[in-house]
Amino acid sequence: MTDAATLSPAAIDDAAARIAPAVQVSPLQISQRLSDRFGGHVYLKREDQQAVRSYKIRGAYNVMSQLSADELARGVVAASAGNHAQGVAYAARQMGVSARIYVPTNTPKQKCDRIRWHGGEFVELIAIGETYDAAAAAALDDVARTGASWIHPFDDPRTAAGQGTIAREILSQLPSPPDLVVVPIGGGGCIAGIATYLSEHSPSTRLVGVEPTGAVSMSAALVEGGPVTLGEIDSFVDGAAVRRIGELGYRVLAGRRAGVAAHPDLPAGSTVRPGASLEAGQTQVLHVDEGAICSEMLDLYQDDGIVAEPAGTLAITALEHIHIDPEWTVVCLVSGGNNDVSRYGEIIERSLVHRGLKHYFLVNFPQEPGALRRFLDDVLGPDDDITLFEYVKRNNRETGAALVGIELGTPAGLSPLLARMDASRLSCDRLEPGSAAYRYLT
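So, here is what we can say about the structure in this document.

The rules behind each value
- Within each chain, residues carry numbers counting from 1 in the order of the written sequence.
- Per-residue local features of the predicted model are confined to residues with pLDDT of at least 70, and side-chain atom pairs are confined, for both listing and counting, to 80 or more; whole-chain, interface and lining totals are unaffected and use all residues.
- Values reported for side chains reflect all heavy atoms of the structure, with hydrogen atoms and water molecules removed beforehand.
- Runs of H or I in DSSP of at least four residues are treated as helices and runs of E of at least two as strands, each being numbered from the N terminus.
- Per-residue accessibility, obtained with a 1.4 Å probe over protein chains only, is compared with the maximum for each type, and a residue is labelled buried under 20%, exposed over 50%, and partly exposed between these values.
- We call a set of buried residues a nonpolar core when its members are Ala, Val, Leu, Ile, Met, Phe, Trp, Tyr or Cys and they connect through side-chain atoms within 4.5 Å of each other.
- Contact definition: two residues touch when any of their heavy atoms are within 4.5 Å.
- Strands qualify as paired when DSSP identifies two bridges or more between them.

Quick look at unusual backbone geometry now. Of note in this structure, Arg53 is not a glycine but carries a positive phi near 65 degrees. Summarising the element assignment, Arg53 is placed in the loop between β2 (41–46) and α3 (56–64). Residue class for Arg53 comes out partly exposed when judged on its relative accessible area of 31%. Unusually for a residue other than glycine, Arg257 sits at a positive phi of about 55 degrees. Its place among the elements puts Arg257 in the loop between α11 (247–255) and β9 (259–260).

This brings us to the nonpolar core. Membership of the largest hydrophobic core comes to 44 residues, with the highest contact counts inside it found for Leu7, Ile194, Leu207, Met218, Leu222 and Leu253. Listing elements by their share of this core, those giving two or more residues are α1 (9–19), α8 (157–173), β7 (180–184), α9 (189–201), α10 (217–224), α11 and β11 (329–334). In terms of residues, this core owes the most to one element, α9, which gives seven residues. For Leu7, the contacting residues outside a window of four places in its chain are Ile12, Pro157, Ala160, Ala161, Ala192, Gly193, Thr196, Leu248 and Val252. Ranked by size, the runner-up nonpolar core spans 36 residues in total, among them Phe38, Val42, Ile293 and Ala315.

Right, let's talk about the sheet that holds β9 for a bit. Strand order in this open sheet of seven strands is β1-β2-β11-β7-β8-β10-β9, and the pairing throughout is mixed. Unpaired on one side and paired on the other, β1 (28–30) and β9 mark the two borders of the sheet. Where β7 and strand β8 (residues 206–212) come together, five bridges link them in parallel fashion. Bridged to Val182 within β8 is Val208.

Here it is as structure tokens:
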């Protein structure tokens, strides 16, 4: 059920009344830190404050509240990286409906625990596959076997209408329409709903959708003229790591003639330059690096006390790539706050690499006394710190290769460090982020 014609502002107004028993009007908060940093008046739409800590409750509840008694009796099936699953689980418990929910095997434990907590005895959680797409395939097999109702996380106009109520709330919370709204893109349902509502009620508002660099399914679809299935994707931003964008989201953005920011994996000449000034009513799709997302997650936590998941930070991370006039009112959607505390080690690591502070090397140490001491004295700088030292080969009597992680005091310390390595007697090979060796060894 992906007909874009059935997604309308009127459908979104109807959804707002339908989901009111389960969804709160989330806060719209000014961020002085982000306003000072990027210009304009930057507001955060705090969907992380919902009962399920994300906006996904809106779409899930809107779909399930429209099912017939017979459909509800047969139960529902959903697939999700975690947030949509929580919305379905919450709705299932509220309505007394049985739900089977499929999630990827790498879904953070925190999200799995929350799904079970929200759904209680009404939910069966099934972990399968490494991506949302794999979990969705298993869920659709279940629907075909059992006749249960499929609750799509994004490619259904009823789901998108529920998410579109976010735009309705934003317009009601501001004295005048915003100049710019920035939202994350996973499967495209949220931006489809928001774009549909803004098109009628605030047509001059600029709209920017943001994808993680490792999963640019919307950008690829806009460039190729239709949804395409991506090859390998980076599943770190689990709430937005989708191999194939939904037909509905694509059609809505294609209808708005959305521009696409340059990306190395997209065909040359098919993209526009990021950071260019957006005209009133214009739509653009950007991508942001996973490391930059991690840095912003840490800033939000340390400076603002906001616990946001990677997908929930996409919109804010993109502000660095958007031209913002000083008088603009800007709204960024904080789409979710379901972040597992056990992931913060990886978050810090990715942030340090992105900021140019963390580097890895393969160092061949001669098997003789004092080799490590010479490395410390002659190569390591006064502000450099070894954070990892691990031998990766131990059967060579003349040399021993070690994986060495070094954290710098400042990014500018890299060039002097490389110069000292070149001047030393040691063979030092830098591992480039993103390379096969880097991923394997780190």
